[in-house]
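# Chains, contacts and geometry: an overview
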Amino acid sequence: MRAHETVPYDQWIERSPEEMAARAAEFYEDINRRRTTRSFSERPVPSAVIETCLLAAGTAPSGANHQPWHFAVIESPGIKAKVREAAEEEERVFYQQKAPQEWLDALAPLGTDEDKPFLETAPYLIAIFSQKRGGPNPGDTKKNYYINESVGIATGILIAALHHAGLATLTHTPAPMNFLNEICGRPDSEKPFLILVVGYPAPDATVPVAGKVKKPLEQISTWL
Ligand code: IYR
């Protein structure tokens, strides 16, 4: 290995097998209560909570530690309205023309459609962008690696962090989403990854029964 600077890994906390099992079970119980909701309350959310969850997302592993992500946090009602207008336009084309029947059939149990009122109701929209070029330091313009994997992992950590903090999320992926670059003032070298809708669920929020069904361990894992 080439010479590189290191420090002791002293943030590591050793846990007994019992403590590990208890912590794993506690985390599973909490994350298993996460549901994607499409019905948000207008109740304001403290911006400091969003900031801390973004810091958590930013700890994600990434290709060559280039951290090829950018989070555009939208709280302005005017900008949210613009996002809704552009997203609903794309979604109308998707649901009424582009989507093959097989896709529409797959979405039917979730009850999604082209109306996206949550894009204005929810207190925060986080538009997540992936960066083709960048690097660990500000101003770097190096090639980035494993971009989708890296941004996907960071997004997963962000969703878990927001849920853990007590907030609901919805992953929204209008396609194509190029309108987000202009609305959020992001350069063409960045590609919209997804919009995360964040807030409290509406008091009368419901979730589709179909979404609760998660595959059992035997189906999602093989042990060799
Ligand atoms: N982007 C559309 C359609 C959609 C696609 C999938 I796959 C979903 O899991 C949910 C929705 C929309 O947001 O409605």
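Residues numbered from 1 in each chain as written. Predicted model: local features only at pLDDT ≥ 70, side-chain atom pairs only at ≥ 80, totals over all residues.

## A word on the environment of K143
- You can see K143 is positioned in strand β4 (residues 142–143).
- Residue classification places K143 among the partly exposed residues on the basis of 13 C-beta atoms within 10 Å.
- It is 38 Å that separates the C-alpha atoms of K143 and L217, two residues lying 74 residues apart in sequence. (Helix = DSSP H or I, 4+ residues; strand = E, 2+ residues; numbered from the N terminus. Buried ≥ 20, exposed ≤ 12 C-beta atoms within 10 Å, placed from the backbone.)

## Focus on the sheet that holds strand β1 (residues 69–74)
- Taken together, four strands build an open sheet; the order of strands is β1-β2-β6-β5 and the sheet is antiparallel. For this open sheet the edge positions go to β1 and β5 (168–172), each flanked by a neighbour on one side alone. Here the strands of the sheet are splayed against their neighbours by 25° on average, with no regard to which way each runs.
- Where strand β2 (residues 124–131) lies against strand β6 (residues 190–199), eight bridges are found, and the strand directions are antiparallel. Bridged to Y124 within β6 is V198. (Pairing = 2+ DSSP bridges. Axes fitted to C-alpha atoms, helices over the stretch in contact; angles between N-to-C directions.)

## Description of the nonpolar core
- Ranked by size, the top nonpolar core spans 35 residues in total, and within it L125, A127, I128, L158, L196, V197 and V198 carry the most contacts.
- Elements represented by at least two residues in this core include exactly α2 (47–57), β1, α3 (77–98), β2, α6 (147–165), β5, α7 (179–184) and β6.
- Top element by residues in this core is α6. It accounts for seven residues.
- The residues contacting L158, other than those within four sequence positions of it, are C53, L54, A56, A57 and L196. (Core = buried A, V, L, I, M, F, W, Y, C linked by C-beta atoms within 7 Å. Contact = placed C-beta atoms within 7 Å.)

## Comments concerning the UniProt feature "domain: Nitroreductase" (unreviewed entry) in the protein
- UniProt records the feature "domain: Nitroreductase" (unreviewed entry) for residues 31–200 in the present numbering.
- Summarising residues 31–200: 41% helix, 19% strand, and an end-to-end C-alpha distance of 16 Å. (UniProt positions renumbered as here; feature names shortened; annotations may be inferred.)

## As for the site of the ligand
- The local shell around the ligand consists of E91, F94, L107, T112, H172, T173 and P174.
- Each residue belonging to the shell around the ligand can be placed in one class, and the counts come to three nonpolar, three polar and one charged. (Near = placed C-beta within 6 Å. Nonpolar A, V, L, I, M, F, W, Y, C, P; charged D, E, K, R; others polar.)

## Notes on helix α1 (residues 17–31)
- Relative to the 21 Å expected for 15 residues at 1.5 Å per residue, α1 spans 21 Å between its end C-alpha atoms, a close match to the ideal helical length.
- Burial of α1 is sparse: only zero of the 15 residues sit out of reach of the surface. (Expected span 1.5 Å × (residues − 1).)

## As for the packing of α2 against α6
- Relative to each other, α2 and α6 sit at 145°, their axes nearing to 8 Å. In the crossing of α2 with α6, the sense of the turn from one axis to the other is right-handed. On the side of α2, the interface is formed by V49, C53, L54, A56 and A57, while α6 contributes A154, I157, L158, A161, L162 and A165.
- Across the contact of α2 with α6, the residue classes tally to 11 nonpolar, no polar and no charged. (Left-handed = near helix turned anticlockwise from the far one by under 90°.)

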